[in-house]
Amino acid sequence: MRYARPNTPGAKVSYESRYDNFIGGEFVAPVKGRYFENPSPVTGRTFCEVARSSAEDVELALNAAHGAKDRWGRTPAAERARLLNKVADVMEAHLEELAVSETWDNGKPVRETLAADLPLAIDHFRYFAGCIRADEGTLAELDEHTVSYHLKEPLGVVGQIIPWNFPLLMAAWKLAPALAAGNCVVLKPAEQTPATILLWAKLIGSILPPGVVNIVNGFGIEAGKPLAQSPRVAKVAFTGETTTGRLIMQYASENIIPVTLELGGKSPNLFFADILDHDDDFRQKALEGFAMFALNQGEVCTCPSRALVDKKIYGTFLELATERTRRIVQGDPLDTATMIGAQASNDQLEKILSYIDIGKKEGARVRTGGERVRLGDGLEEGFYVAPTIFEGHNKMRIFQEEIFGPVVSVGSFDGFDDAIAQANDTLYGLGAGVWTRDVHTAFKAGRNIAAGRVWTNCYHLYPAHAAFGGYKQSGIGRETHRMMLNHYQQTKNLLVSYDPKPMGFF
Amino acid sequence: MLPRRRIEIGARDVLLGHVGDAPFYIGGDQYERWRHTRLTLDVVRGRGSGFSLEAPEGVRFLIRSDLCGVP
């Protein structure tokens, strides 16, 4: 089945020609009256204009958020949870529309947005609606007259900067815990993918009180920077490039506020020899695990972009894995049979092609792919790259740097210690995969890999209630788990004496 | 690319050279991994990303790499 392109007959989505900022529950034109063009990666053609905001717009959003924060912070948890559940319900009722929009704005296959992006985003609001109902402080009886109460209070107004690879889902990851904890938010979507969150704002605009969520669009340097640098935000949450993460921390240091960062990765995916012991479901599962590098066109911070294969099975495994990769269906992202769509932007496309180029120059061998793909039917100018397998070694740049494309670099290891040494020979520590039939190897490998998430005999699952975040240069903080509430709360300690008698000190 | 003096240069950052008057730094860890390559800083049509200063200008900086030694 193929969904009709937005703004054509029978389409699930119809965009307006221009989108403003969402501030104080209303759509507000940018102060300077400027807009930028938003192209679809599917066709390479612009489909709407979006507000190109400046510091003045960020101030307007912060005014709205500060105006709403006291009331929202005092709103009972049960009521906040009710509203988050309502947001989830409305999203569910509009699942197809939002999924198609996400595909059009980002280029990812609709198969994924229908089955993953949207259901996960919806569940995220429900998860944190549940968490906040069960959340509670602690108390300690210090002596028979003295009690120490630890109450959790919201931070107030927080800034959130969202990436373009899972635009709505990443917004949900950040919004749900922040709102559940009683904060108001000023959110800046990625300028590559601003459309779906604006459709979302229109849908949920009447559910949340005005000013609780504000969306300011524009470029990092013009809108993201004044938000991250503002003394009026109590915390900044950022997902994106490591270099920008460093800047965000620097800005935060000016105001002494906390940050949570979810940054880059170069995740190793380890295949131990015993996976080929039997020709069964598990062998197929492991091969699928290898091909996961193509999920979301490789535009995932946990893309399993370094496959490390036991040298005992290297040749056979790579043959099977290459064959599996060649079966990945690339095509129109709006076709439900398509498995890999378009890269999110022309810049991303060029960056990936330049990495493919340096990979070849460094002597890595292209096993399959390695080139741009030109599709027909109006998709000629879309940003498509063939799933690419490189063979090489761990010191090559394509093994060390985040490409953020459907490119996997394959090397071999000799024994367990070598596997772990190579897996950990990276600046990053976000995700990793381990594939083996042996529980001892699985556990030992999982504990020895320096990464925040080690998928064991699975990959690319992102359920709520499993903490996600980075070791090393991959970031600070843990999302998708109730512990994220702590990142959006501060602790108020009431130290109370129930003793009527003076201390006798003065 | 950031406006001058808008990022605190760290002790481990490496000054690679100057483009016009602007110093060009690379992170220490990245330098270790890139030191065997020759970098060409190009400007192409498109849109920079992140907090890079050219993002609103309709162009972007692109680094092309060539080998100049053995890793």
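Before reading further, recall that the structure is shown in the block above.
Sequence order as written defines the numbering, with residues in each chain counted from 1. Here every chain gets a letter starting at A, and every ligand a number starting at 1, in the order they are written. Reporting in this predicted model follows two pLDDT cut-offs: at least 70 for local features of residues, and 80 or more for side-chain atom pairs to be given and counted; totals over whole chains, interfaces and linings ignore these cut-offs and use all residues.

Peer 1: Any details on the overall build of chain A? Residues and values, ideally.
Peer 2: Looking only at helices and strands, chain A features 15 helices and 25 strands. Projected onto the principal axes, the alpha-carbon positions of chain A cover approximately 80 × 60 × 40 Å. Considering chain A as a whole, with its 506 residues, one finds that 56% of them fall into the buried category. Intrachain contacts of chain A at a sequence separation of at least 6 include 71% that bridge at least 24 residues. Put simply, DSSP H or I for four residues or longer makes a helix, DSSP E for two residues or longer makes a strand, and each gets a number counted from the N terminus. In this scheme every C-beta is placed from the backbone, and a residue whose C-beta has 20 or more other C-beta atoms within 10 Å is buried, one with 12 or fewer is exposed, and one in between is partly exposed. Two residues qualify as being in contact provided that their C-beta atoms, derived from the backbone, are within 7 Å of each other.

Peer 1: Give me the lowdown on the packing of helix H2 (residues 77-93) of chain A against helix H4 (residues 110-134) of chain A, citing residues and values where you can.
Peer 2: Residues and elements named next belong to chain A. Axes here refer to lines fitted to C-alpha atoms; in helices the fit is confined to the stretch in contact. Angles between the N-to-C directions go from 0 to 180 degrees. Two elements in contact, H2 and H4, have axes whose closest approach is 8 Å; the angle formed by their N-to-C orientations is 165 degrees. The angle between H2 and H4 places the two elements in the roughly antiparallel class. The handedness of the crossing between H2 and H4 comes out as left-handed. Facing Ala77, Ala78, Arg80, Ala81, Leu84, Asn85, Val87, Ala88, Met91 and Glu92 of H2, the residues of H4 in contact are Ala121, Ile122, Phe125, Arg126, Phe128, Ala129, Ile132 and Arg133. Taken together, the residues of the contact of H2 with H4 break down into 13 nonpolar, one polar and four charged. Orientation labels follow simple angle bins: below 35 degrees gives roughly parallel, above 145 gives roughly antiparallel, 65 to 115 gives roughly perpendicular, and whatever is left gives oblique. Crossing handedness: left-handed means the near helix sits turned counterclockwise from the far one by under a right angle, and right-handed means the same turn made clockwise. Residues are grouped as follows: Ala, Val, Leu, Ile, Met, Phe, Trp, Tyr, Cys and Pro are nonpolar; Asp, Glu, Lys and Arg are charged; all remaining types, including Gly, are polar.

Peer 1: Lay out the sheet that holds strand E5 (residues 46-51) of chain A with the relevant residues and their values.
Peer 2: Residue and element names in this part refer to chain A. Strand pairing requires that DSSP identify at least two bridges connecting the strands. Overall, mixed pairing links the three strands, which are arranged E1-E5-E4 in an open sheet. Both outer strands of the open sheet, strand E1 (18-19) and strand E4 (35-39), are each paired with one neighbouring strand and no more. Taken together, the two bridges between E1 and E5 define a ladder with parallel strand orientation. The residue of E5 that forms the bridge with Tyr19 is Val50.

Peer 1: How would you explain the pairing of strand E14 (residues 306-310) of chain A if you had to name every residue and give the values?
Peer 2: Residue and element names in this part refer to chain A. In terms of residue burial, E14 counts as a mostly covered element, since five of its five residues are buried. Alternating residues of E14 divide into Arg306, Leu308 and Asp310 and Ala307 and Val309, and every residue in both groups is buried. Of the pairings in the sheet, the one linking strand E13 (residues 268-271) to E14 comprises four bridges and is parallel in character. Following the sheet pairing, Asn269 is matched in E14 by Ala307. The handedness rule is simple: strands pointing away from the viewer, and a clockwise path from the first strand over the helix to the second, make the crossover right-handed. Chirality of the crossover, the property in question, places the unit of E13, helix H9 (residues 281-291) and E14 among those that are right-handed.

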